[in-house]
Amino acid sequence: MLSRLEQAQQRWGGSHSVIDNWLAERQELLLLYCKVAGLSPFEQDDHALPDQLQIQTFCQILMDYLSAGHFEIYDNLVAACKEKGPQSLKLAQSLYPRITDTTDLALDFNDKYAEMQSDNLMSDFDKDLSELGEALELRFALEDELIDNLYANHSED
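Residues numbered from 1 in each chain as written. Predicted model: local features only at pLDDT ≥ 70, side-chain atom pairs only at ≥ 80, totals over all residues. Heavy atoms only, no water.

(A) A look at the overall build of the chain. For the chain, the count of helices and strands is five helices and zero strands. Mapped from its N terminus to its C terminus, the chain presents α and β elements in the order α-α-α-α-α. Split into buried and exposed, the 157 residues of the chain put 40% on the buried side. Once local pairs closer than 6 in sequence are excluded, the contacts in the chain between residues at least 24 apart make up 75%. (Helix = DSSP H or I, 4+ residues; strand = E, 2+ residues; numbered from the N terminus. Buried < 20%, exposed > 50% of the residue type's maximum accessible area, 1.4 Å probe, protein only. Contact = heavy atoms within 4.5 Å.)

(B) Here's a closer look at the environment of leucine 62. In this fold, leucine 62 is placed in helix 3 (residues 52-84). According to the relative accessible area criterion, leucine 62 is buried, its value standing at 0%. With 44 residues separating them in the primary sequence, leucine 62 and alanine 106 have C-alpha atoms 7.7 Å apart. Among all residues touching leucine 62, those that are not within four sequence positions of it are Leu29, Ala106, Phe109, Leu132 and Leu136.

(C) The arrangement of the nonpolar core in detail. Membership of the largest hydrophobic core comes to 40 residues, with the highest contact counts inside it found for Phe58, Leu62 and Phe109. For this core, the leading source of residues is helix 3, giving 14 residues. Residue contacts for phenylalanine 109: discarding those within four places in its chain leaves Phe58, Cys59, Leu62, Ala114, Phe125, Asp128, Leu129 and Leu132. (Core = buried A, V, L, I, M, F, W, Y, C linked by side-chain atoms within 4.5 Å.)

(D) Molecular detail of a negative patch on the surface. Where like charges cluster on the molecular surface, the negative patch consists of Asp101, Asp104, Asp108 and Asp111. One can find aspartate 111 in helix 4 (residues 86-113). Aspartate 111 gets classed as exposed once you look at its relative accessible area, which sits at 61%. (Patch = residues over 30% accessible without salt bridge, like charges linked within 9 Å, V, L, I, M, F, W, Y side chains within 5 Å. Areas by Shrake-Rupley, 256 points an atom, 1.4 Å probe, with all protein chains shown as cover. Salt bridge = Lys/Arg side-chain N within 4 Å of Asp/Glu carboxyl O. Lys, Arg positive; Asp, Glu negative; His and termini not counted. Charge placed at Lys NZ, Arg CZ, Asp CG, Glu CD.)

(E) Here's a closer look at the pattern of salt bridges. Inspection of every chain in the model, using the stated rule, returns seven salt bridges. Here lysine 127 and aspartate 128 are joined by a salt bridge, their closest N and O atoms 3.2 Å apart. When the shortest N-O distance is used, the salt bridge between glutamate 143 and arginine 139 registers 3.0 Å. With glutamate 143 and arginine 139 both in helix 5 (residues 125-154) and four residues apart, the pair spans about one turn of that helix.

(F) Representation of the environment of phenylalanine 58. Relative to the helices and strands, phenylalanine 58 resides in helix 3. The buried category is assigned to phenylalanine 58, whose relative accessible area is 0%. Sequence separation of phenylalanine 58 and alanine 114 is 56 residues, and the distance between their C-alpha atoms is 8.4 Å. Excluding residues that lie within four positions of it along the chain, phenylalanine 58 makes contacts with Leu29, Leu32, Tyr33, Val36, Phe109, Leu129 and Leu132.

(G) Representation of helix 2 (residues 17-37) in the model. In a regular helix each residue adds 1.5 Å, so 21 residues correspond to 30 Å; helix 2 covers 30 Å between its end C-alpha atoms and thus fits that length. Of all the positions in helix 2, only Ile19, Trp22, Leu23, Arg26, Leu29, Leu30, Leu32, Tyr33, Cys34 and Val36 are classed as buried. Backbone geometry just after helix 2 places glycine 38 at a positive phi near 75°. (Expected span 1.5 Å × (residues − 1).)

(H) The environment of leucine 129, seen in detail. Along the chain, the position of leucine 129 falls in helix 5. Residues leucine 129 and tyrosine 33 lie 96 residues apart in sequence; the distance between their C-alpha atoms is 8.5 Å. Residues contacting leucine 129, with those up to four places away along its chain left out, are Tyr33, Val36, Ala37, Phe58 and Phe109.

(I) A look at the packing of helix 3 against helix 4. Packing of helix 3 against helix 4 brings their axes to within 10 Å, and their N-to-C directions diverge by 165°. With respect to their mutual orientation, helix 3 and helix 4 come out roughly antiparallel. Read as a crossing pair, helix 3 and helix 4 show a hand that is left-handed. (Axes fitted to C-alpha atoms, helices over the stretch in contact; angles between N-to-C directions. Parallel < 35°, antiparallel > 145°, perpendicular 65-115°, else oblique. Left-handed = near helix turned anticlockwise from the far one by under 90°.)

Right, dumping it as structure tokens:
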């Protein structure tokens, strides 16, 4: 996921401040995901689960990222694709429902862990975090396809 982010930043970085900010938020989300998951360079020696504050911080950034996409960026990208023609719009409209599916999984994760009151839920944490990671990877690929669709069409002007 981090290499995909680096590729996205290289491809579209500097093309539009909204996209730059969004990719920066994605980077922050990925770094926190790695930290919560105990992935390199944040490996934990004792293989302990993250503490509640780490999980809450991650969930907050996750919700911020999702909100930015749904309430700020997607509508602008779809509108820009609409201006570029019916094929561009059709692709954007086909990607959006698939992105929404990943949102549902992320919202479920947030609902379960952001304000967790019981350690009993932690038995599923690794599995749920892994599923979230897979959903985020798919989401980032779909978002990149949406951005690439717009960027490729804009560069033909």
